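Below, each chain spelled out in residue letters.
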Amino acid sequence: MARMKFLCDAERCIECNACVTACKNEHEVPWGINRRRVVTIDDGLPSERSISIACMHCTDAPCIAVCPVDCIYQNDNGIVLHSKDLCIGCGYCFYACPFGAPQYPQASNFGSRGKMDKCTFCAGGPEENHSEAEYRKYGRNRVAEGKLPLCAEVCSTRALLAGDGEMIGGIYEERVIRRGYGSGAWGWQTAYYGRNLGG
Amino acid sequence: MKTTSDRLSGYRIAGAVAALLLAILLGWTLYESTGTEQLVLPTNGVLHGARDDVPSDAAAAEALRERTALQAWRGEAGPSPAAAAEPAVTGQAMGGGTDETGAAALVASWLGSRDENWEMIRERGFLEGRVTQPAEFLSVLEQPQGRTWRGLHNEEIVFGGGIVIFGFSLLLALFLAWRGRVPVEEGFSGERVQRFSGFERANHWVTAGSFVLIALTGLLLLYGQYLLKPLLGAGIYHSWALVGAWIHMIFAVPFVIGVAVMVVMWIRQNGPSKLDVEWLKRFGGFLPGSEGHPPARRFNTGQKLIFWAVVLGAIALLVTGLSLMFPFFWLEITGMQLAQLIHAGVGLVMIAIIIGHIYIGTVGMEGAFDAMWRGDVDRNWAKEHHSIWLAEKQGGRRQTH
Amino acid sequence: MLTRRSNGPTARPGLAARLGAGASSDGPHERAGGGTLSRRGFMQRSGLGVAGLSAVSALPLARVGRAEVREGPVEQPDRIERKKTVCPFCAVGCSIWAEVQDGTWLGQEPAFESPVNMGTHCAKGAATRELAIGHRRLKYPLKRENGRWKRIDWDQAIEEIGDKMLEIRERSGPDSVYWLGSAKFSNEQAYLFRKFAAFWGTNNCDHQARICHSTTVAGVANSFGYGAMTNSFNDIHNSKAIFLIGGNPAEAHPVSMLHLLRAKELGAKLIVIDPRFTRTAKHANEYVRLRPGSDVAFMWGVLWHIFENGWEDKEFIRQRVFGMDEIRKEVANWTPDEVERVTGVTGDQVRRVAEAYARNQPATLIWCMGLTQSTIGNNKTRAASILQLALGNIGTAGGGANIFRGHDNVQGATDLGVLCHTLPGYYGVTEGAFRHWARVWDVDYEWLKSRFASTEMMTRNGIPVSRWFDGVLEDVDSLDQPDKVKGMVFWGHAPNSQTRGPDLKNGLEEVELLVVIDPVPGLAPVIPDRPDGTYLLPAGSTMEMAGSVTNSQRALQWREKVIEPMFEAKSDYEITYRLARKLGFAEELFKNIAVENDEPVAEDLTREFNRGMWTVGYTGQSPERLKAHMANQHRFDSTTLRGKGGEVDGEYYGLPWPCWGDPEMGHPGTPILYDTSKPVAEGGLPFRARWGVEHEGENLLAEESWTEGSEIEDGYPEFTLAMLQELGWAGELTEQEMAVIRSLDVDRPEKINWKTDLSGGIQRVAIAHGCAPFGNGKARALVWNFPDPVPLHREPLYTNRRDLVEDYPTYADRRDYRLPVLYRSIQDNDYADAFPLALTSGRLVEYEGGGDETRSNIWLAEIQQQMFCEMNPADAAAAGIGDGQEVWLSTPGGARLRVAALVTERVGRGTVFMPFHFGGYWMGEDLTERYPEGALPYVMGESSNTAQTYGYDVVTFMQETKATLCRVEPA
């Protein structure tokens, strides 16, 4: 069965930040909320690599496991979504998330967090597809239009791949074979092979 | 000398019943804790549990596969597939729904393909780099310990809390069943001795009330999803949790102030002394057959222990709690995870200790409750538990008269 | 109240959802001190910091707005219109689908079918929509009165500006108004703008090409014949080696990396040469760290190995290159030791690079502003061209001199002559050129001449943009024009892209009239302390007008108008029309161009330049053909760019110029310049016979080399009617064509050549016989008409290598472009003690050019919030500077900037790097108060060009920004 995943090919990522602005543009994500970001490791050194990262829509997602109000859920495409109506802004998902995906607006000057916001794989949320409520809370639902997350669709060097895990894994493997090297799919082990699962 | 059991066997029976209940709860907790944590299963819904009327996007999967192919296409050669310009519009509700067995099989299939793409696997590790946005926390690329934190939180803390609270309560209940209520051995004299001023009592109750609210809301956040949500439903439970989270934070203020006032008022009377050694040796004279109670000043060793547990616990909760309320103010992600675990752990132990404190101040000991409620105690009670204090107080009173 | 021109509700997102978008929060109070956004400043801007806890709540997790408030209409799929436009940023030319509902631009989608970008974008392209719908745009015409901005209406603005210009014209002549155009213009607007300047009567008009690739155009055009990228981005797939010098496509042309990395995965060796370990360099197989300014020395060092080992393409050189022996003599001096002394690159590495490059053929050579922005920029671009000529890499798939241009239409604006030294089509500013265009424009030459101060001024190069302020500040006596510049028009041009900040500021303060026509206010009205005499006119963005644009690979793409201009903005076309009407020459200017509701029709403009652009082959690209290409993007091959099937079968995407003849001739465009393996009719070309047939007795025509199918199997000069007659082909001209030719020169029609033949007949007949209209010549390795016929290394004017100044001195002081220009009198001074570090500059991916538009784009601005200077840890430690610390950076020109230090190994020891997109601070001073209300960019900072020093290329007056000196001290 299809299982949606993200894969960032660090050999191709040039830190152009298209994924970041495309996401912001598509979902009108406000200043300070970064559903997706590009992290550069070893900045300025020969080993430098940039990796675009957002919610990886983990298997056995730890955020879902720790949410005290069960506001996060995973659908049968593997996409991890959440309900902003239920979220209480406790921050547990942020502690559990291996990729720093959950983001919080500030709810008050008392330091508390507002409703969690994160990458939806451009699949909206629990509201009715294409409804105004869905758009306002979660952004566009591209998946329901048969489109992939915009970040991957616009990636300038096709470094960021999204879609069926087997297919994007295949695209990546072909590249590795052709160029003869690859530094591995960053985050896949953590995201898709869970705690101690799947070997 | 009359035994307590003769006098108030009702307490002993209640103690035995409570002990039985707590033993069952503890056993249940221990049993639950032996299983491994369940995999997260897809539900296709969240507001009211698993749903099959929510579009699952499963119907979109095929369209998405086509779209994924576009990401490989054209890196190769040749013209574009004409279809690329107009994506299919899909997204119908999926039929059937996901039952738990199906969902478990689905997750199993997701996990099953690891061997097929082992080449793509990088070793997991904590990775931090640079981001251009001025928010340092974004620079952590990967922190696989999040999954470890999830395990510690969902197992060690959740079950550990149950074991500590139920276990300690069970001990108290057993003690009650065995020893009964600690009596005022000489009986009530009818003469009252002022023990706590109005200010001291007010402060105590503010602190205590805050603590109870904080503790209950803390428990609500930790256990509510298992214990209450099934009863209330997601929507109502969410409101409770939201209000609970706010109560938890807001009442931290009076609690901390109350503890601070206690420290100012009582710290000198809670210093250790030689008497404490004696008191501990004789276990405060609570055990049956002990010859009276050991001498004590205003606070005996048991009360001192409560005092210091509260003070140190409050400091720990305050520091960790603030660092959770103000993320990244002084802690990075690892520190925050640790802070959360400490906060929850200390909180749970505090709850157990305070249960003990409440027990001994109410059911566990005759005449004790008056001290904090009315502010004065019976002279005989004072003589038994705070003999030196009483002596000094009476001496003092004589001098003033 | 502001009104957006849309029938539907206000565009999403609404004001409230945006950071400080309300006019009231745009006041000066919202910024904290320093060159950067402080936390507190940020909080205030986000409307968050209210209570005493604001300092605490400015925590990363908390530093956000209201997540759930998204305003505006929600898309309703059945009401969405899809329009295709082309990204307004760099010259890669990515297509974008815009989704418009009831006149409101709701979303953008990737255009997978575009063969250029294949659906991809960089940060800027992906944020394009915000450029149009952003709330920090200039919303209505403004006028500065007593130091305050006053809102006025368009009629008043045009009236007052026009009156003042006419007064200046009356008093000082037409050359005292400077028309600074833009690489953001469509081809149509670029053409119209140059024509407008000619009708006003001056050559004082220019645009960004002067300061980005003018030395490329001059260098390459004088080497090969045309001044443009020879191959295409897609063609890089065929390369086996990529020699990338002075360019950082990962940040400047991110989508080109799609093609570069594809080539790399097919086995190409990527060699990156740059003083800085750029985002591109990290993908290189070989990274070479070069001392800033020593590019010629390095390239000669590489060529030394090529000659030493006999790796050059001897046959290619014999047949198609002139003057390579002179080059050999110079290159012989560049032994590995000398190269290492000058460039700092070890002999081993130079050899390794030479071998990887020469032994992996075909190889492409890519350069950008790292090469061009230099006092010897033309030497550098010619050295690079010669390197490719030596290896026979020009005119082959996978080879080429792939010069990545900067702005979306900088190639088109250059071709269409928004330049002070030429009319559209590189005809120059000679009398012949004016006569040619007067015929195309259908105006009397004598009338046109009367618009100028004199024939002399008409045929004299104007003042280049890099030094426009010298036209204000120099003594009248030392200017080669009647009077100083008194009126200055910035039409889509950022002043912070010009160097010598303090002089620029004086110039901006000195002019009597300052007009800024732009979608955002930019820095021209902000830098100077000018209480009066400044006008701001809101121009529509490129998405708010139709027209064609030419990307770096010479392909023309048609933009649909996505939305009507927002707020009170007007399209460039309309503003030009209104100005011309006020200035009194609208009737002549639009003689053959329809004007609807005061807006000239874009297609008519295209058709008009189609009739005159014979030199560079902008004649075959009719609006209809361009629109057909946009509609059939999916039919083009991703490597060859050749159309398969449909109405575009056999044509090359975007009809890359030269697209010979008229549209009816159906030339497919030229995907690779100088490629002799194809017939001219199918996009083949030899080198252009541009310099005559012989030089000092040596043959300049190709030898034993011709394009496939050529009936002349040898070199031949450019075509004239006389040549056709000699070849016996003149009879093939139609009656109509002959009639046109005869009408062009009644006395001597045989002198009419392929460039001035308005009938296109000469081109048609030449191509029918397999010949290139421009002849079949040799490329020139030796450009005898330039100051350095053989490209030489010369030390930058400001250099800390005094030992090299003696061996590689700069030029003597000179005069050109109406101005004196200094060389030796600057280099003679030793600044190295006071300013020990080399200073270079470059780009950030999120911003473009002066950065005003992009820093006003909320999606982009958030990602780069701070101006910085990059320093090596060793230099930083020596100066006592920590990462992130505020520093003062000062340069010999007297400027000092307050910026944050970014301490990183990315730059080598002794080198400092600054990005050039920031503005809004002036040597430590915050200029917020000078911005009009509601038009403040989200991010501000010091402009690096404020600190950049004197220095101009000897041929084009390109400014030097890549090699100067500076000093950095803790602030």
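> Outline the overall build of chain B, listing residues and values.
Along its length, chain B carries 15 helices and 4 strands. Looking at chain B as a whole, 45% of its 401 residues are labelled buried. As displayed, chain B has an accessible area near 19,400 Å², and 67% of this comes from carbon and sulfur atoms.

> Outline the pattern of salt bridges, listing residues and values.
Applying the stated criterion across every chain, the model contains 102 salt bridges over all chains. The partner of Arg35 of chain A in a salt bridge is Asp117 of chain A, with the nearest N and O atoms 2.7 Å apart. Of the two residues, Arg35 of chain A is situated in the loop between α1 (18-27) and β2 (36-41) and Asp117 of chain A in the loop between α3 (92-96) and α4 (132-138); the sequence distance between them amounts to 82 residues. As far as the burial class goes, Arg35 of chain A and Asp117 of chain A line up, both buried. Arg581 of chain C is the partner of Asp598 of chain C in a salt bridge, and the nearest nitrogen-oxygen pair spans 3.3 Å.

> Describe the packing of helix α10 (residues 274-281) of chain B against helix α11 (residues 301-325) of chain B, and please don't skip the residues or the numbers.
Residues and elements named next belong to chain B. One way to put it is that α10 packs onto α11 with a least axis distance of 9 Å and a crossing angle of 105°. Comparing their axes, α11 and α10 come out roughly perpendicular. Between α10 and α11, the residues in contact are Asp276, Trp279 and Leu280 and Thr301, Gly302 and Lys304, respectively.

> Please set out unusual backbone geometry residue by residue, giving values where relevant.
Residues and elements named next belong to chain C. Cis peptide bonds are those with omega within 30 degrees of zero, and the linkage from Gln361 to Pro362 qualifies with -5°. Position of Pro362 relative to the elements: it lies in the loop between α15 (347-359) and β12 (363-367). Positive phi, normally seen in glycine, also occurs at Asp598, with a value near 70°. Looking at the secondary structure, you find Asp598 in the loop between β19 (595-596) and β20 (599-600).

> Tell me about the nonpolar core, and name the residues and values.
Core analysis: the biggest nonpolar cluster contains 264 residues, and Trp179, Phe243, Phe298 and Trp468 of chain C have the highest contact counts within it. Here Phe243 of chain C is in contact with Ile271, Ile273, Phe298, Met299, Val302, Val353, Tyr357, Thr364, Leu365, Ile366 and Leu387 of chain C, once residues within four sequence places are set aside. Judged by nonpolar contacts, the second largest core, of 133 residues, contains Phe99 and Ala101 of chain A together with Val184 and Leu221 of chain B.

> Got a sec to walk through the environment of Leu41 of chain B? Specific residues and values, please.
Relative to the helices and strands, Leu41 of chain B is located in the loop between α2 (9-34) and α3 (61-72). Each C-alpha atom, one on Leu41 of chain B and one on Gly102 of chain B, is 9.4 Å from the other, the two residues being 61 residues apart in sequence.

> Can you lay out the sheet that holds strand β9 (residues 269-274) of chain C for me, pointing to particular residues and giving the numbers?
Residues and elements named next belong to chain C. Spatial ordering of the open sheet is given by β10-β9-β8-β12-β13, a layout of 5 strands whose pairing is parallel. Lying at the two open borders of the sheet, with one neighbouring strand each, are β10 (286-289) and β13 (401-403). Taking each pair of neighbouring strands and ignoring which way they run, the sheet shows an average axis angle of 15°. For β12 and β13, the ladder comprises 3 bridges, and the chain directions are parallel. Looking at the pairing, Ile366 lines up with Asn402 of β13. Across the sheet, α15 is in contact with β8 (241-245), β9, β10 and β12; its angle to β10 comes to roughly 135°.

> How would you sum up the interface of chain B and chain A? Please name residues and give values.
Where the parts come together, the accessible area they lose is often given as the size of the interface. Each partner contributes residues to the interface: chain B has 89 residues there, and chain A has 97 residues. The junction of chain B with chain A conceals about 8,200 Å² of combined surface from both sides, 59% of it contributed by carbon and sulfur atoms. When the buried surface of chain B facing chain A is broken down by residue, Gln71, Trp110 and Arg147 of chain B rank first, second and third, together holding 11% of it. Between chain B and chain A we count 3 salt bridges in total. Asp70 of chain A serves as the salt-bridge partner of Lys229 of chain B, at 2.9 Å between the closest nitrogen and oxygen. Counting every contact that joins chain B to chain A gives 22 residue pairs in polar contact (both at pLDDT 80 or more). Tallied by class, the residues present in the side of chain B that touches chain A amount to 48 nonpolar, 24 polar and 17 charged.

> So what about the sheet that holds strand β33 (residues 941-942) of chain C? Which residues, and what values?
All names here are of chain C. Taken in spatial order, the 3 strands make up an open sheet running β32-β31-β33, and their pairing is mixed. A strand with exactly one partner marks an edge of an open sheet, and here the two such strands are β32 (925-926) and β33. In this structure, strand β31 (residues 920-922) lies alongside β32, joined through 2 bridges in antiparallel fashion. Bridge pairing in β32 links Trp922 to Glu925.

> An account of α2 of chain B is requested, with residue identities and associated values reported.
Residue and element names in this part refer to chain B. Spanning 26 residues, α2 covers 37 Å between terminal C-alpha atoms, matching the ideal 38 Å at 1.5 Å per step. Among the residues of α2, Gly15, Ala19, Leu22, Leu26 and Thr29 are the ones counted as buried. Contacts made by the buried residues of α2 are with α5 (145-179).

> So what's going on with helix α19 (residues 431-441) of chain C? Residues and values would help.
All names here are of chain C. Those residues of α19 not exposed but buried are Ala433, Phe434, His436, Trp437, Ala438, Val440 and Trp441. Looking at the packing, one finds that the buried side of α19 touches α6 (187-200), α20 (445-451), α21 (455-458) and α26 (602-610). Looking at the residues trailing α19, positive phi occurs at Asp442, about 65°.

> An account of the packing of aromatic side chains is requested, with residue identities and associated values reported.
Given two aromatic rings, their pairing is described by the distance between the two centres and the angle made by the two planes. Going through the model one piece at a time under the given rule, you end up with 62 aromatic pairs over all chains. Centroid distance Trp188 of chain A to Tyr192 of chain A: 5.2 Å. Interplanar angle 90°. Geometry classified as edge-to-face. With Trp188 of chain A and Tyr192 of chain A both in helix α7 (residues 188-192) and 4 residues apart, the pair spans about one turn of that helix. The two residues Trp188 of chain A and Tyr192 of chain A agree in class, both being buried. For the ring pair Trp754 of chain C and Phe774 of chain C, a centre distance of 6.2 Å and an interplane angle of 80° mean the geometry is edge-to-face. Residue Trp754 of chain C is found in the loop between α29 (735-744) and α30 (761-768), and its partner Phe774 of chain C is found in the loop between α30 and β23 (779-780); the two are separated by 20 residues along the sequence. Accessibility expressed as a relative area gives 0% for Trp754 of chain C, which makes it buried. Given the relative accessible area of 0%, Phe774 of chain C is considered buried. Here Arg169 of chain C stacks its cationic end above the ring of Trp200 of chain C, 4.8 Å away from the centre of that ring. When the ring centre of Phe913 of chain C is taken as origin, the NZ or CZ atom of Arg276 of chain C, which lies over that ring, is 3.6 Å away.

> So what about the confidence of the model for chain C? Which residues, and what values?
Scored by pLDDT, chain C comes out at a mean of 89, with 92% of its residues at no less than 70. This model gives residues 1-71 of chain C a pLDDT under 50, and the stretch forms 191 contacts once residues within four places in sequence are excluded.

> Please provide a residue-by-residue account of empty space enclosed by the protein, values included.
Residue and element names in this part refer to chain C. In this model, the largest cavity occupies a volume close to 590 Å³. In terms of lining residues, the largest cavity is bounded by 47 residues, among which Lys184, Gln208, His407, Gly492 and Ala494 are the most central. Those elements giving two or more residues to the lining of the largest cavity turn out to be α7 (209-212), β15 (513-518) and α33 (852-855). Among the residues making up the lining of the largest cavity, the classes are represented as 20 nonpolar, 20 polar and 7 charged.

> Got a sec to walk through the confidence of the model for chain B? Specific residues and values, please.
Residue and element names in this part refer to chain B. Taken as a whole, chain B shows an average pLDDT of 81; of its residues, 82% reach a score of 70 or greater. Long-range and interchain partners of residues 1-5, a stretch whose pLDDT sits below 50, account for 8 contacts in this model, where long-range means more than four residues apart. Note on residues 82-97: pLDDT is under 50 here. Beyond four places in sequence and across chains, it has 39 contacts.

> A description of the side chain of Gln864 of chain C should follow, citing residues and the corresponding values.
Residue placement: Gln864 of chain C occurs in the loop between α34 (858-861) and β27 (868-871). At 3.4 Å, the side chain of Gln864 of chain C forms a polar contact with the side chain of Glu846 of chain C. Those residues in contact with Gln864 of chain C, other than ones at most four positions away along the chain, are Thr132 of chain B together with Leu844, Glu846, Tyr847, Phe918 and Val939 of chain C.

> Account for the packing of α5 of chain B against helix α6 (residues 198-227) of chain B, with residues named and values stated.
Residues and elements named next belong to chain B. Here α5 crosses α6 at 105°, and the two axes come no closer than 11 Å. Relative to α6, the element α5 is oriented roughly perpendicular. Contacts between α5 and α6 involve His153, Asn154, Ile157, Val158, Gly161, Gly162 and Ile165 from the former and Leu219, Leu222, Tyr223 and Tyr226 from the latter. Residues of the contact of α5 with α6, tallied by class, amount to 7 nonpolar, 4 polar and no charged.

> Outline the environment of Trp154 of chain C, supporting the account with residue identities and numerical values.
Residues and elements named next belong to chain C. Its location among the elements puts Trp154 in helix α5 (residues 154-172). Under the relative-accessibility criterion, Trp154 is labelled buried at 6%. When the C-alpha positions of Trp154 and Pro538 are compared, they lie 9.6 Å apart, and in sequence the two are 384 residues distant. The contact partners of Trp154, leaving out residues within four places of it in the chain, are Pro141, Leu537, Pro538, Glu568, Lys570, Ile575 and Arg578. Looking at Trp154, its side chain comes within polar contact range of the main-chain oxygen of Glu568, at 2.9 Å.

Criteria and cut-off values
Residues numbered from 1 in each chain as written. Chains lettered and ligands numbered in written order. Predicted model: local features only at pLDDT ≥ 70, side-chain atom pairs only at ≥ 80, totals over all residues. Heavy atoms only, no water. Helix = DSSP H or I, 4+ residues; strand = E, 2+ residues; numbered from the N terminus. Buried < 20%, exposed > 50% of the residue type's maximum accessible area, 1.4 Å probe, protein only. Areas by Shrake-Rupley, 256 points an atom, 1.4 Å probe, with all protein chains shown as cover. Salt bridge = Lys/Arg side-chain N within 4 Å of Asp/Glu carboxyl O. Axes fitted to C-alpha atoms, helices over the stretch in contact; angles between N-to-C directions. Parallel < 35°, antiparallel > 145°, perpendicular 65-115°, else oblique. Contact = heavy atoms within 4.5 Å. Core = buried A, V, L, I, M, F, W, Y, C linked by side-chain atoms within 4.5 Å. Pairing = 2+ DSSP bridges. Buried area = accessible area lost by both parts, 1.4 Å probe. Polar contact = N/O pair within 3.5 Å; in protein donor to acceptor, adjacent residues only side chain to side chain. Nonpolar A, V, L, I, M, F, W, Y, C, P; charged D, E, K, R; others polar. Expected span 1.5 Å × (residues − 1). Phe/Tyr/Trp six-rings, centres within 6.5 Å; stacked < 30°, edge-to-face > 60°. Lys NZ or Arg CZ within 6 Å of the ring centre and 35° of its normal. pLDDT = per-residue confidence, 0-100. 1 Å grid on protein atoms, 1.4 Å probe; cavity = no way out; pocket = protein on both sides within 12 Å on 5 of 7 lines; lining within 4 Å. Points joined across faces, edges and corners; volume = space filled by probe spheres on them.

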